[in-house]
Amino acid sequence: MRASLIQIAVSDGESVAARRARVADVVREQSGSDLVVLPELWTVGAFAYEQFETEAEPLDGPTYEAMSKAASDAGVWLHAGSVVERAGDGSLYNTALVLSPAGELAATYRKIHRFGFDQGEAVLMSAGESLTTVALPEQVLGIATCYDLRFPELFRGLVDAGATTMVVAAGWPARRRAHWTLLNRARAVEDQSYVLACGLAGTHAGVEQAGHSLVVDPWGEVLAEAGTGEDVITVELDPAKVAETREQFPALKDRRLH
């Protein structure tokens with residue numbers, strides 16, 4: 001399976017509409033891939049809290065429409081990052097969208113762990129409650145978003161739900177870049193899964209983004225890593241490697257606590 005991670009540079013000087021159109025074109029350029037992944041809240045910026053209310057959209061809003069067309073044109077599975085979702089009752093959620101190669105909405109995931117310590121996202125967004133997996137022809141994706149990365153129990157739940165590849169869309173700040181790399185490798189090792197971690201680049205709302213999107217194999221080896229600017233990394237994944245790793249080193253079978 002060929003996977004491409006598109007590390008989008010977000011800046012305050014580019015409008016949401018312009019960025020949406022630009023990213024759709026970049027997705028179309030990945031037509032040789034099976035799976036394409038975008039970062040968290042790339043339309044507005046993960047720390048642009050003052051824009052959350054004005055840029056919130058329904059699940060079938062403009063981001064879905066643009067990404068659905070791009071996924072269909074490219075013929076790829078698309079994890080379209082996340083959007084500020086406005087639910088029917090007016091609540092806001094940080095919601096990831098996964099689209100099929102036909103452009104259909106295959107799954108959504110409302111971010112469970114909201115960042116901010118009683119500020120920002122933690123008070124502006126409602127919390128999701130359900131884990132999400134997506135069955136691709138040769139892999140089962142487990143979906144997580146940014147701050148979720150610090151909660152290993154979420155990933156163990158995804159393993160129990162059948163996930164073999166974890167997809168993490170993020171807007172991770174540069175000042176904690178070392179944690180980003182460490183935690184993604186740790187989740188890969190402890191869950192014996194691929195981890196596809198796609199973050200933002202650039203600076204928005206005064207917060208420099210970490211970049212350094214990466215793909216980690218089930219042994220914790222980094223297969224590819226982006227730099228700090230806008231970038232695309234593409235990796236060939238071996239669907240059999242997860243099962244082989246779990247068989248060769250069957251640590252998950254020795255779990256005592258669930």
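Note that residues are indexed from 1 along each chain, following the sequence as it is written. Where local features are concerned, this predicted model is filtered to residues with pLDDT of at least 70; where side-chain atom pairs are given and counted, the filter is 80 or more; whole-chain, interface and lining totals use all residues. Note that water and hydrogens are dropped before the side-chain values are worked out from all heavy atoms of the structure.

- An unreviewed UniProt entry lists the chain under the name Acyltransferase, from Streptomyces roseus.
- Under the heading Sequence similarities (unreviewed entry), UniProt records this for the chain: "Belongs to the carbon-nitrogen hydrolase superfamily. NIT1/NIT2 family." UniProt positions are given in the numbering used here, feature names are shortened, and annotations may be inferred rather than shown by experiment.

1. Structural notes on helix 5 (residues 152-160)
Right, so step 1: Looking at helix 5, one finds that the buried residues are Leu-154, Phe-155, Gly-157, Leu-158 and Val-159.
Right, so step 2: Residues are treated as being in contact if the distance between any of their heavy atoms lies within 4.5 Å. Runs of E in the DSSP output that reach at least two residues are strands. Runs of H or I that reach at least four are helices, and both are numbered from the N terminus. Here the buried face of helix 5 lies against strand 6 (105-110), strand 7 (133-135), strand 8 (140-145), strand 9 (165-170), helix 6 (177-191) and helix 7 (241-248).
Right, so step 3: Phi turns positive, to about 105°, at Gly-162, one or two residues after helix 5. Burial classification: accessible surface area is computed with a 1.4 Å probe over protein chains only, and a residue below 20% of its type maximum counts as buried, one above 50% as exposed, and the rest as partly exposed.

2. Quick word on the packing of helix 1 (residues 16-28) against helix 3 (residues 62-74)
Right, so step 1: Between helix 1 and helix 3, the shortest axis-to-axis distance is 8 Å and the interhelical angle comes to 20°. With respect to helix 3, the axis of helix 1 lies roughly parallel. Considering only the axes of helix 1 and helix 3, their crossing is right-handed. The residues of helix 3 that touch helix 1, namely those facing Arg-20, Val-23, Ala-24, Val-27 and Arg-28, are Pro-62, Thr-63, Ala-66, Met-67, Lys-69, Ala-70, Ala-71, Asp-73 and Ala-74.
Right, so step 2: As a working rule, the residues Ala, Val, Leu, Ile, Met, Phe, Trp, Tyr, Cys and Pro are called nonpolar, Asp, Glu, Lys and Arg charged, and the rest polar, with Gly in that last group. Broken down by class, the residue content of the contact of helix 1 with helix 3 amounts to nine nonpolar, one polar and four charged. To get an axis, fit a line to the C-alpha atoms, keeping to the stretch in contact for a helix; angles then go from 0 to 180 degrees between the N-to-C directions. Angle categories are assigned with fixed cut-offs, so that under 35 degrees is roughly parallel, over 145 is roughly antiparallel, 65 to 115 is roughly perpendicular, and the rest are oblique. By convention the crossing between two helices is left-handed if the near helix lies anticlockwise of the far one by an angle smaller than a right angle, and right-handed if it lies clockwise.

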